[in-house]
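The lines below spell out each chain.
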Amino acid sequence: MNILSIQSHVAYGHVGNSAAVFPLQRAGHEVWPIHTVNFSNHTGYGDWGGPMIPASDVTAIVDGIEKRGAFPHIDAILSGYQGGPDIAGAIVETVNRIKAVNPKALYACDPVMGNAKSGCFVSDDIPPLLRDKVVPVADIITPNQFELGYLTDSSVNTLEETLGAVKKAQDIGPKTVLVTSVQRPETDEDEIEMLAVDGERAYLVATPKLPFKRNGSGDVTAALFTGHYVETHDAKEALKRTASSVYDLLHTTYEADARELQLIESQDVFANPRLQFHVEEL
């Protein structure tokens with residue numbers, strides 16, 4: 001599979017394309033990254049160097065890829081952290097241009113905005129652009145519960161509420177929704193869940209909850225789910241593989257007490273997921 005990935009990039013550590021590209025490659029995909037920022041490190045450190053990439057530069061790179069005759073061979077477009085508010089238009093334009101040549105190409109949007117603990121950590125301009133302009137053209141979205149609630153103006157505290165919000169999101173455009181980091185009253189306190197809904201079919205998987213968080217884990221999750229879904233067109237299988245690999249990545253990172261995701265040390269779990277978790281169809 002050939003995947004065009006439009007996301008942030010950091011030189012030090014692993015978020016955005018720096019988190020997504022290598023796992024996808026180890027899972028067997030060709031990845032063509034386009035960066036929306038070129039930072040020294042992720043912003044969670046409190047300071048960083050490097051520029052946001054203007055939308056005109058992103059489009060210029062897309063133009064060059066088109067001149068290589070590559071559009072018909074793109075199986076998926078993946079987007080994540082968008083940097084400046086002008087990037088939304090560049091992404092939507094890119095998706096439309098590729099789909100005009102290759103209607104089978106799927107667009108997966110990770111609508112990065114924030115989380116329940118930290119709130120929004122992007123520019124105030126980004127969330128409404130994602131909701132009103134980007135998500136409507138997506139085939140797949142991979143929000144966390146907080147982002148799903150914002151996109152659909154919904155409460156997402158219970159499984160029923162979350163499923164209702166997913167239906168609202170599907171009404172906006174995407175057929176396939178992966179909700180990451182699902183927590184609800186029924187969830188065991190030592191577990192965390194992911195929910196994948198593909199059309200009318202919904203799947204839930206629980207994995208052990210590790211007592212820490214690391215930047216970039218959502219980027220890896222969105223990337224692997226996209227890659228597996230595009231390859232198999234099976235949301236249950238994509239969820240099973242993704243949950244397995246991401247848990248093992250996080251477990252390795254936790255055991256190493258590392259500030260950054262241990263992608264290199266975990267590379268075998270991207271190529272050969274253990275498939276150790278049961279996926280339940282709801």
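Bear in mind that the values here come from a model prediction, so they are computed numbers and not experimental data.

Enquirer: Honestly, the nonpolar core in this entry has me stumped. Any pointers?
Expert: The tendency in soluble globular proteins is for nonpolar side chains to be buried side by side. Counting residues in each nonpolar core, the largest one holds 42 residues, and the members touching the most others are Leu4, Ile77, Tyr107, Cys109, Ile141 and Leu195. Counting residues per element, this core draws most heavily on helix H3 (residues 87-101), which supplies 7 residues. Setting aside residues no more than four positions away along its own chain, Cys109 makes contact with Ser79, Leu130, Val134, Val135, Ala138, Ile140, Ile141 and Thr142.

Enquirer: Sorry, what's going on with the pairing of strand S8 (residues 176-182) here?
Expert: Side-chain direction in a regular strand flips from residue to residue, so the side chains alternate between the two faces of the sheet. The buried fraction of S8 is high, at 6 of 7 residues. Note that strand S7 (residues 140-141) and S8 share 2 bridges and pair parallel. Looking across to S8, one finds that Ile141 is bridged to Val177. Here 5 bridges tie S8 to strand S9 (residues 191-198), and the two strands are oriented antiparallel to one another. Considered in S9, the bridge of Val179 is made with Leu195.

Enquirer: Where do I start with the sheet that holds S9 in this structure?
Expert: Each strand in a sheet pairs with another by means of backbone hydrogen bonds, the pair being arranged parallel or else antiparallel. Read from one edge to the other, the open sheet built from 9 strands follows the order S2-S1-S3-S4-S7-S8-S9-S10-S11, with strand pairing classed as mixed. Because the sheet does not close on itself, it has two edges, and the strands there are strand S2 (30-39) and strand S11 (279-281). Pairing of strand S1 (residues 2-10) with strand S3 (residues 76-79) involves 4 bridges; the strand directions are parallel. The residue of S3 that forms the bridge with Leu4 is Ile77. Relative to the sheet, helix H1 (residues 17-26) contacts S1, S2 and S3, its axis offset from that of S1 by approximately 145°.

Enquirer: Before we go on, may I ask you to explain unusual backbone geometry in this structure?
Expert: One non-glycine residue, Ser181, adopts positive backbone phi at about 55°. On the secondary structure map, Ser181 appears in strand S8. Classification of Ser181 as partly exposed rests on a relative accessible area of 39%. One non-glycine residue, Asp257, adopts positive backbone phi at about 50°.

Enquirer: How do you make sense of the packing of helix H7 (residues 217-232) against helix H8 (residues 235-255) when you look at a structure like this?
Expert: If you want to describe how two helices pack, look at the angle between their axes and the distance between the axes. Contact pair H7 / H8: the axes reach a minimum separation of 8 Å and the direction vectors enclose 150°. In terms of their interaxial angle, H7 and H8 are classed as roughly antiparallel. In this structure, H7 meets H8 at a crossing whose hand is right-handed. For the pair formed by H7 and H8, the contact residues are Ser217, Val220, Thr221, Leu224, Phe225, His228, Tyr229, Glu231 and Thr232 on the first element and Ala235, Glu237, Ala238, Leu239, Arg241, Thr242, Ser245, Val246, Leu249 and Leu250 on the second.

Cut-offs used in this document
Residues numbered from 1 in each chain as written. Predicted model: local features only at pLDDT ≥ 70, side-chain atom pairs only at ≥ 80, totals over all residues. Heavy atoms only, no water. Core = buried A, V, L, I, M, F, W, Y, C linked by side-chain atoms within 4.5 Å. Buried < 20%, exposed > 50% of the residue type's maximum accessible area, 1.4 Å probe, protein only. Helix = DSSP H or I, 4+ residues; strand = E, 2+ residues; numbered from the N terminus. Contact = heavy atoms within 4.5 Å. Pairing = 2+ DSSP bridges. Axes fitted to C-alpha atoms, helices over the stretch in contact; angles between N-to-C directions. Parallel < 35°, antiparallel > 145°, perpendicular 65-115°, else oblique. Left-handed = near helix turned anticlockwise from the far one by under 90°.

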